[in-house]
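Per-entry structural report
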Amino acid sequence: MRVLVTGGAGYIGSHTVLQLQAAGHEVVIADDFSNSKPSIVKRLVALSDEPVTVYTVDLTDELATERVFAEEQIDAVIHFAGFKAVGESVAEPLAYYRNNLDTAFSVLNAMNQHGVRTFVFSSSATVYGENAVRERTEDMPTSATNPYGWTKVMIEQVLRDLAAADDSWRIAILRYFNPVGAHASGEIGEDPSGKPNNLMPFVAQVAVGRREKLSVFGDDYDTPDGTGVRDYIHVEDLAAGHLAALEKVTASDDALSVWNLGSGHASSVLEVVASFARASGRDVPYEVLPRRAGDLPAYWADPSKANAELGWRATRTIDDMCEDTWRWQSKNPNGFPDVDE
Ligand code: UDP
């Protein structure tokens, strides 16, 4: 297939691009590089030894988006592009709603116009809202606690309505738990701009000496060690889940399917810190601060639906995730270069 990967220069997108190519697919990337650096493209080409077509395009622009479909013979779309910082979404709701919704609408409209019907969507475990039980299954009701989460809930609803209106669509909604880790080469990985919001990149930057210490947000939760518990999934396992979902929906009779992509294992903040210290051989100093607003104590995936239906499972452990994150972080202490090497 010739697959359009929106946000293909981003963290999860870039790892998925390499796996798509390794599986024999051709890739077209559409990215505005608002939260990624163009230098990643050279790394991708070096790793895959294959050319990749890149459109630098703002996907909220319907005409520009449509042009990509007019110029390329696209068979399927994996839609990663979107804003993803929870705190920023609370401060700038209009920017989040506009960007994430408009991007989805332009891509779906262009697909409609060009008869492309296969769509894999990056959703999030955040759609289970704050009242769900800790182990999450796909049949639970959805809601959100911040604008970022609501954009995911809303786009999921748009996709359900679309599939109900026209059963020729082949849509996969993938609900990610906590993606971490990096490509085994250490050449690509997560490169947040500014101060990281998420745990793993923050820990990695402390270990490499870019930041003094980690703030642990709360140690008085109802969890085994009092710190927050999450289901961390290696980005390579997550990327493999996209391939499995793409192959499944193209052979499926169902217009829409939903799968949790998680490991089913839960780790606390302090377990991640300890694993990272082992992987890096460095100290990870931390201080305990009050809870972060909006954080839940603990949740993880029940991945059994994806395991059974996709023949896929997450295989990498938290130690693997920390080792690969460390390889990426220590080889690239400042992330991707600003200009091509
Ligand atoms: N966390 C932390 N310090 C940080 C960032 C995160 O203690 O600097 C905790 C957070 O409270 C949560 C876990 O680490 O329990 C995972 O947070 P992250 O932001 O990575 O993902 P989330 O699950 O919130 O989407």
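None of the values given here were measured: they were computed from a predicted structure.

1. Side note on the pattern of salt bridges
This model, assessed by the stated rule, comprises 16 salt bridges. A salt bridge links Asp191 to Lys37; its shortest N-O distance comes to 4.0 Å. Of this pair, Asp191 sits in the loop between β8 (178-180) and α7 (199-207) while Lys37 sits in the loop between β2 (26-31) and α2 (39-48), and the two are 154 residues apart along the sequence. Members of the salt-bridge network, linked through shared partners, are Arg2, Glu26 and Glu72.

2. Concerning the sheet that holds strand β5 (residues 118-124)
As summarised here, the arrangement of the seven strands in space is β3-β2-β1-β4-β5-β7-β12, forming an open sheet in which the pairing is parallel. Strands at the two margins of the open sheet, each flanked by one partner only, are β3 (53-56) and β12 (256-261). Adjacent strand axes in the sheet meet at a mean angle of 20°, parallel and antiparallel pairs treated alike. Pairing geometry for strand β1 (residues 2-6) and strand β4 (residues 76-79), over four bridges, is parallel. Counterpart to Val5 in the pairing with β4 is Ile78. Along the sheet face, helix α6 (residues 147-165) touches β5, β7 (170-176) and β12 and points at about 150° away from the line of β5.

3. Structural notes on the side chain of Ser106
Tracing the backbone shows Ser106 in helix α5 (residues 93-114). Dropping the residues within four chain positions of it, Ser106 is found in contact with Leu59, Thr60, Asp61, Glu62 and Thr65.

The rules behind the values
Residues numbered from 1 in each chain as written. Predicted model: local features only at pLDDT ≥ 70, side-chain atom pairs only at ≥ 80, totals over all residues. Heavy atoms only, no water. Salt bridge = Lys/Arg side-chain N within 4 Å of Asp/Glu carboxyl O. Helix = DSSP H or I, 4+ residues; strand = E, 2+ residues; numbered from the N terminus. Pairing = 2+ DSSP bridges. Axes fitted to C-alpha atoms, helices over the stretch in contact; angles between N-to-C directions. Contact = heavy atoms within 4.5 Å.

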